[in-house]
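# Structural overview
As a plain string of letters, each chain reads:
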Amino acid sequence: IPESVFLMFQMTFAIITAALITGAVADRMKFSALVLFVTLWSLLVYSPVAHWVWHPNGWLFALGALDFAGGTVVHINAGVAGLVAAIVLGKRVGYGTENMSPFNLGLAVIGASLLWVGWFGFNAGSAGSSGGGRAGMAMLVTQIAAGGAVLSWTFAEWMIKGKPSVLGAISGAVAGLVAITPAAGFVLPGAALIIGLVAGLAGLWGATALKHALGYDDSLDAFGVHGICGIVGALLVGFLSYGPLSATTAAPDGSPGGMEQFIKQCTAVGATIVFTAVATFIILKITDVVIGLRVSEEEEREGLDVTMHGERIN
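Residues numbered from 1 in each chain as written. Predicted model: local features only at pLDDT ≥ 70, side-chain atom pairs only at ≥ 80, totals over all residues. Heavy atoms only, no water.

What follows is about the overall build of the chain. Scanning the chain for helices and strands turns up 12 helices and zero strands. Across the chain, helices and strands are ordered from the amino to the carboxyl terminus as α-α-α-α-α-α-α-α-α-α-α-α. The C-alpha atoms of the chain give a radius of gyration of 19 Å, which matches the 20 Å a tight globule of 314 residues would have. Seen through its C-alpha atoms, the chain measures out along the principal axes to roughly 60 × 45 × 35 Å. Sorting the 314 residues of the chain into buried and exposed places 45% on the buried side. In the chain, once contacts between residues fewer than 6 apart in sequence are set aside, the share between residues at least 24 apart is 76%. Roughly 14600 Å² of accessible area belongs to the chain as shown, and the carbon and sulfur atoms make up 69% of that amount. (Helix = DSSP H or I, 4+ residues; strand = E, 2+ residues; numbered from the N terminus. Rg over C-alpha atoms; globule rule 2.2 N^0.38 Å. Buried < 20%, exposed > 50% of the residue type's maximum accessible area, 1.4 Å probe, protein only. Contact = heavy atoms within 4.5 Å. Areas by Shrake-Rupley, 256 points an atom, 1.4 Å probe, with all protein chains shown as cover.)

The structure is reproduced here in structure tokens:
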């Protein structure tokens, strides 16, 4: 693989991780502050975690922790950072009293559909080659987990609220895609279905009950879906990993699931959570001192499209 291709592939992971964080602080963070924060965070938080997990010299890679396409590096990393940012910035004006449902559900469905298709590139592409069957299996289990999570989220919501929703279905799809990401190159279809079904339920809990219980305002559920389901996938692969999928000449048994592997996964998850939470908090405070994090209440009520960029969707 040419270095230029690998570079571009890795840049997609880096930018989507930063983009996920913006979902947690939507509608209330200054654009200038966001630019500074994302720059510092990408260099000081994302890059070290990516090195830990994916580089041969990284300590979590050497430990044997499994993360095929970004469960810790992307989703737990962004989810925890989003949670910290949402808490530091505080709630949106009108949160809890005004209707803050999606502005255009049709656009949300289109966005989720693009994510679903694009996710095949992330997960199957992380095999580094289309040969050997691993990329194909990663693509298949990605589809299975996403479908399973759509079903479990939808039916759980139906039972709890009495009505299934399109918003719930697409949220379930993202939950399943997130959870299978660290496991995609390590599990078989049956295990992928289990991961998807669990992720749908966990994502629904994270985006509703957990958020309400703790009282934070995560605008697009970066933590509730990406953080929680990233943790689910990263931990479940510890038990469900199928050794032959990752077998090499140097390691003929691959990385089979079991208690030993589960402990390694717990270490990776815990290290990512602690490091990301502390480092994100520090970067946010530095940004607040230098620029200030939050727009004024008047600017927030008028809308950041107008006040920050002089634009409006009609």
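The discussion continues.
Structurally, the position occupied by A149 is in helix α6 (residues 134-161). When the C-alpha atoms of A149 and A175 are compared, they prove to be 6.5 Å apart, with 26 residues separating the residues in sequence. If sequence neighbours within four positions are ignored, A149 has contacts with G172, A175, G176, G196, L197 and G200.

What follows deals with the nonpolar core. By size, the foremost hydrophobic cluster in this structure holds 72 residues, and its most contacted members are M29, W41, I180 and V187. Mapped by element, the contributors of at least two residues to this core are α1 (3-24), α2 (31-54), α4 (71-89), α6, α7 (166-180), α8 (189-214), α9 (222-240) and α10 (259-290). (Core = buried A, V, L, I, M, F, W, Y, C linked by side-chain atoms within 4.5 Å.)

Now for the environment of A127. Turning to its location among the elements, A127 is positioned in the loop between α5 (105-125) and α6. On a C-alpha basis, the gap between A127 and A33 in space is 36 Å, while along the polypeptide they are 94 residues apart. Not counting residues within four places of it along the chain, the set of residues in contact with A127 comprises F68, R134 and A135.

Right, let's get into the packing of aromatic side chains. One pass over the structure, following the stated rule, counts nine aromatic pairs. Judged by centre distance (4.7 Å) and plane angle (80°), the ring pair of F13 and F122 falls under edge-to-face. Taken together, the residues span a long stretch of sequence, with F13 in helix α1 and F122 in helix α5 at a distance of 109 residues. Where F239 meets F262, the ring centres are 4.4 Å apart and the plane angle is 20°; that geometry is what we call stacked. Of the two residues, F239 sits in helix α9 while F262 sits in helix α10, which places them 23 residues apart along the sequence. Taking the relative accessible area as the measure of exposure, F239 reaches 42% and is therefore partly exposed. (Phe/Tyr/Trp six-rings, centres within 6.5 Å; stacked < 30°, edge-to-face > 60°.)

In this section: the packing of α5 against α6. Relative orientation of the contacting elements α5 and α6 amounts to 140°, with a least axis distance of 9 Å. What the angle tells us is that α5 and α6 run oblique. The handedness of the crossing between α5 and α6 is right-handed. Counting all contacts with α5, which are made through W116, W119, F120, N123 and A124, the residues of α6 involved are A135, A138, M139, T142, Q143, A146, G147 and V150. Taken together, the residues that form the contact of α5 with α6 break down as nine nonpolar, four polar and no charged. (Axes fitted to C-alpha atoms, helices over the stretch in contact; angles between N-to-C directions. Parallel < 35°, antiparallel > 145°, perpendicular 65-115°, else oblique. Left-handed = near helix turned anticlockwise from the far one by under 90°. Nonpolar A, V, L, I, M, F, W, Y, C, P; charged D, E, K, R; others polar.)

Glancing now at the state of the cysteines. Applying the stated criterion across every chain, the model contains zero disulfides. Free cysteine: C229, not disulfide-bonded; nearest cysteine sulfur from C266 at 17 Å. Taking relative accessible area as the criterion, C229 reaches 0% and is therefore assigned buried. According to the relative accessible area criterion, C266 is partly exposed, its value standing at 33%. (Disulfide = S-S within 2.5 Å.)

As a further point, take the side chain of Q261. Within the fold, Q261 resides in helix α10. A polar contact is formed between the side chain of Q261 and the backbone oxygen of G64, at a distance of 3.0 Å. Not counting residues within four places of it along the chain, the set of residues in contact with Q261 comprises G64, A65, L66, G238, S255 and P256. (Polar contact = N/O pair within 3.5 Å; in protein donor to acceptor, adjacent residues only side chain to side chain.)

For the structure shown, the criterion picks out eight salt bridges. Where R301 meets E297, a salt bridge forms, and the shortest distance between an N and an O atom there is 3.3 Å. Residue R301 and its partner E297 are located together in helix α11 (residues 297-302), separated by four residues, close to a single helical turn. Overlapping salt bridges bring together D27, R28, R92 and D217 as one network. (Salt bridge = Lys/Arg side-chain N within 4 Å of Asp/Glu carboxyl O.)

This next bit is on the side chain of S246. Relative to the assigned elements, S246 resides in the loop between α9 and α10. At 2.9 Å, the side chain of S246 forms a polar contact with the backbone nitrogen of S255.

Time to look at a nonpolar patch on the surface. Taken together, the side chains of V274, V278, F281, I282, I286, V289 and V290 define a hydrophobic patch exposed on the protein surface, amounting to about 680 Å² of accessible area. Within the element layout of this structure, I286 appears in helix α10. Classification of I286 as partly exposed rests on a relative accessible area of 44%. (Patch = residues over 30% accessible without salt bridge, like charges linked within 9 Å, V, L, I, M, F, W, Y side chains within 5 Å.)

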